[in-house]
Amino acid sequence: MNPELSIVIPVYNEIEALPLCYKRVSHILKTLHISYEIIFIDDGSTDESAMFMSDLAENDENIKVILLSRNFGKEAALSAGIDFALGEALIILDADLQDPP
């Protein structure tokens, strides 16, 4: 069964922000009592972002990770995440928490 909500988060060299991003977004989603997926799209990061997201996905069944082969830009990363999303509704967030979840 598809999740009710998909959260799509493009990522490029955000290792500093990712732990807080995951903590805040997943905490809020758990309080909603709906099915959800969080899709992180790594846009060719050169830091440890991809490894961190892959570790999250191994430990949280709600996390999906797309690893792009190189930096294609935010729009391409978003497009990949949107195409992959299965939720009935979709929300796009920035990994740096520029906008509060």
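Every residue gets a number counted from 1 within its own chain, in the order that chain's sequence is written. For this predicted model, a pLDDT threshold of at least 70 governs which residues receive local features, and a threshold of 80 or more governs which side-chain atom pairs are given and counted, while totals over whole chains, interfaces and linings are taken from all residues. Side-chain measures here rest on the full set of heavy atoms in the structure, leaving out hydrogens and waters.

Read across the sheet, 4 strands follow the order 3-2-1-4 without closing on themselves; strand pairing throughout is parallel. Here the strands that pair on one side only, and so sit at the sheet edges, are strand 3 (63-67) and strand 4 (89-92). Averaged over all neighbouring strand pairs, the angle between strand axes comes to 20°, with direction disregarded. Pairing analysis gives 5 bridges linking strand 2 (residues 36-42) to strand 3, with the strands arranged parallel. For I39, the partnering residue across the bridge sits in strand 3 and is K64. For this analysis, residues touch if any pair of their heavy atoms sits within 4.5 Å. Axis definition: a line fit to C-alpha positions, over the contact stretch in the case of helices; interaxial angles, taken between N-to-C directions, run 0 to 180 degrees. Numbering of helices and strands runs from the N terminus, with a helix taken as a DSSP run of H or I at least four residues long and a strand as a DSSP run of E at least two residues long. Along the sheet, helix 1 (residues 18-32) contacts strand 1 (5-11), strand 2 and strand 3; its crossing angle with strand 2, the most-contacted strand, is approximately 160°. Together, strand 1, strand 2, strand 3 and strand 4 form the strand contacts of helix 3 (residues 74-84), whose direction differs from that of strand 1 by roughly 155°. Should DSSP find at least two bridges between two strands, the strands are regarded as paired.

What follows is about the nonpolar core. Note on terminology: a nonpolar core comprises buried Ala, Val, Leu, Ile, Met, Phe, Trp, Tyr and Cys residues joined through side-chain atoms within 4.5 Å. Exposure categories follow from relative accessible area, calculated using a 1.4 Å probe and restricted to protein chains: below 20% of the type maximum is buried, above 50% is exposed, and the middle band is partly exposed. Among the nonpolar cores identified, the biggest contains 18 residues, and I7, I9, V11, V25, L29, I38 and F40 are the most heavily contacted of them. Mapped onto this core, the elements with two or more residues apiece are strand 1, helix 1, strand 2 and helix 2 (49-59). For this core, the leading source of residues is helix 1, giving 5 residues. For L29, the residues in contact, after removing those within four places along its chain, are L5, I7, Y36 and I38.

Within the chain, H33 stands out as a residue other than glycine whose phi angle is a positive 55°. Relative to the helices and strands, H33 resides in the loop between helix 1 and strand 2. Judged by its relative accessible area of 71%, H33 is exposed. The phi torsion at L97 lies on the positive side, around 60°, for a residue other than glycine. Tracing the chain through its elements places L97 in the segment after strand 4. Residue class for L97 comes out buried when judged on its relative accessible area of 15%.

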